[in-house]
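Structural description and commentary
Next come the chains, spelled out residue by residue.
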Amino acid sequence: MDSDERMFELWGMWFEGKIEMLPAHSIEEGQKLLNEHSDTEVIALSSFKVGNTALGPAFVKKNRPNFHGKMIAMSGHYIYQDELMDAGCDISCEKADMPQAVLDLVQQASCW
């Protein structure tokens, strides 16, 4: 989940043939996709800052109790990563490192 559409193009090329990516450009889209795809294994999201308000942590807090997969806090800013981690994400990374982090988590999940 990220508001930067250009990132989805890059990630789509990276994930092609490896895993199915469900892109969400907003918190609302992400919630809708999560509701429709209960078998989701990994959610990677940014903080979704709107003014001084970060919407990402609220999404994590809302969904963490019932989502049994892994959540990745992704941001180029460690402060935003920390906010998402405090909300309940499992790991954090920069946006550029997210594809490898997802693949690592999916590979680990297949061993559970």
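Residues numbered from 1 in each chain as written. Predicted model: local features only at pLDDT ≥ 70, side-chain atom pairs only at ≥ 80, totals over all residues. Heavy atoms only, no water.

1. Considerations on helix 4 (residues 78-87)
Keep this limit in mind: Relative accessibility decides the category of a residue: with a 1.4 Å probe and only protein chains considered, values under 20% of the type maximum give buried, values over 50% give exposed, and everything between is partly exposed. Secondary structure is summarised from DSSP: a helix means a run of H or I of at least four residues, a strand means a run of E of at least two, and numbering begins at the N terminus for each. It is the directions from the helix axis to the C-beta atoms that the arc portrays. The contact criterion used is simple: two residues touch if any of their non-hydrogen atoms lie within 4.5 Å.
Within helix 4 the residues assigned to the buried category are Gln 81, Leu 84 and Ala 87. Projected down its long axis, helix 4 carries its buried residues within an arc of 125°, all on one side. Exposed positions of helix 4 whose direction lies more than 90 degrees from the buried face are Tyr 78 and Asp 86. Tucked into the core, helix 4 has its buried residues touching strand 1 (42-45), helix 3 (56-63), strand 4 (70-74) and strand 5 (91-93). One or two positions beyond helix 4, positive phi appears at Gly 88, with a value near 135°.

2. Section: helix 1 (residues 5-15)
Among the residues of helix 1, Met 7, Phe 8, Trp 11 and Phe 15 are the ones counted as buried. Buried residues of helix 1, viewed axially, fall in a sector of 100°; they line one side. For helix 1, exposure combined with an orientation more than 90 degrees from the buried face picks out Arg 6, Glu 9 and Met 13. Immediately downstream of helix 1, the backbone of Gly 17 shows phi near 80°, a positive value.

Without other data, these values stay purely geometric and don't point to any function.
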